[in-house]
Amino acid sequence: MFIVGSSSWHKGATNGLNEVLKLTHFQNVNQFFSYIKKTDYNLVAVEQSEKSISLPDFVFPKKPCFVFGNESFGLSDEVLLNVESVVEIPMNGYHCCGN
């Protein structure tokens, strides 16, 4: 799991996942993109955008690396310009948040 940005993210919110997954922290998206370019990951943003593909219609690449944004702000334009594809999870009906 890759974390980009503030190193003060809330580990308690992971419910212990940080104890079973290797977490790699990057100070900014430029560091993250530099690292990813050296791998065989295919960046897939999970975001609602003009170029997003609905999840049921999406053809997954061989080695996807899913990129999620901040819950309040989503992904930046810089990130969306540097991913190979954007997938959107369709939601139907009324939605409320229990956070």
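Residues numbered from 1 in each chain as written. Predicted model: local features only at pLDDT ≥ 70, side-chain atom pairs only at ≥ 80, totals over all residues. Heavy atoms only, no water.

**Some details on the overall build of the protein chain**
Defined as follows: Strands here are runs of E lasting at least two residues and helices are runs of H or I lasting at least four, both read from the DSSP assignment and numbered beginning at the N terminus. The buried label goes to any residue with under 20% of its type's maximum accessible area, the exposed label to any with over 50%, and the partly exposed label to all in between, with areas taken from a 1.4 Å probe on protein chains only. Contacts are assigned to residue pairs that have any heavy atoms within 4.5 Å of one another. Under the convention used here, a 1.4 Å probe and the Shrake-Rupley method define accessible areas, while residue burial counts only the protein chains that appear.
From N to C terminus, the protein chain includes two helices and six strands. Secondary structure elements of the protein chain, listed N to C terminal, follow the sequence β-β-α-β-β-β-α-β. Sorting the 99 residues of the protein chain into buried and exposed places 23% on the buried side. A separation threshold of at least 6 residues defines the contact pool for the protein chain, and within that pool the share at least 24 residues apart is 57%. Carbon together with sulfur atoms contributes 52% to the accessible area of the protein chain, which is approximately 7400 Å² in total.

**Brief notes about the packing of aromatic side chains**
Stated formally: By convention, a stacked pair of Phe, Tyr or Trp rings (six-membered ring in the case of Trp) has centres within 6.5 Å and planes under 30 degrees apart, an edge-to-face pair has planes over 60 apart, and any other such pair is tilted. Charge over a ring is defined by NZ of Lys or CZ of Arg lying within 6 Å of the ring centre and within 35 degrees of the ring normal.
All told, the structure shown has nine aromatic pairs when counted by the stated rule. Ring centres 6.0 Å apart and planes at 85 degrees place the aromatic pair Phe2 and Tyr41 in the edge-to-face group. Placement of Phe2 in strand S1 (residues 2-4) and of Tyr41 in the loop between helix H1 (29-36) and strand S3 (42-46) is noted, with a sequence separation of 39 residues between them. Judged by relative accessible area, Tyr41 falls into the partly exposed class, the value being 26%. Taking 4.9 Å as the distance between ring centres and 85 degrees as the angle between the ring planes, the aromatic pair formed by Phe58 and Phe60 counts as edge-to-face. By way of ring pairs, the aromatic residues Phe2, Phe26, Phe32, Phe33, Tyr35 and Tyr41 are connected into one cluster. Seen from the ring of Tyr41, Lys63 lies directly overhead, with NZ or CZ sitting 4.6 Å from the centre.

**Some words on the pairing of strand S5 (residues 64-67)**
Basically, it comes down to this: Any two strands are treated as partners once DSSP identifies two or more bridges connecting them.
Because side chains alternate across S5, one face comprises the buried residues Cys65 and Val67, and the other comprises Pro64 and Phe66, none of which is buried. Of the pairings in the sheet, the one linking S3 to S5 comprises four bridges and is parallel in character. Note on S5: the bridge partner recorded for Val44 is Phe66.

**So, the environment of Asp40**
Threshold: Whenever a nitrogen or oxygen atom comes within 3.5 Å of another N or O atom, the pair is scored as a polar contact, on the condition that within protein one atom can donate a hydrogen and the other can accept it, and that pairs from neighbouring residues in sequence are kept only if both atoms are in side chains.
Structurally, the position occupied by Asp40 is in the loop between H1 and S3. For the pair Asp40 and Cys65, spaced 25 residues apart in sequence, the C-alpha separation works out to 9.5 Å. Among the polar contacts listed, one links the side chain of Asp40 to the side chain of Lys63, at a separation of 3.0 Å.

**Structural notes on the nonpolar core**
We apply this condition: What makes a nonpolar core is a set of buried Ala, Val, Leu, Ile, Met, Phe, Trp, Tyr and Cys residues whose side-chain atoms join them at distances within 4.5 Å.
If you look at the biggest cluster of nonpolar residues, it comprises 14 residues, and the most contacted ones within it are Phe32, Phe33, Leu43, Ala45, Leu75, Val79 and Val83. Within the residue set of this core, elements represented by two or more residues are H1, S3, S5 and helix H2 (77-81). Ranked by residues supplied to this core, first place goes to H1 with four residues. The residues contacting Val79, other than those within four sequence positions of it, are Val29, Phe33 and Val67.

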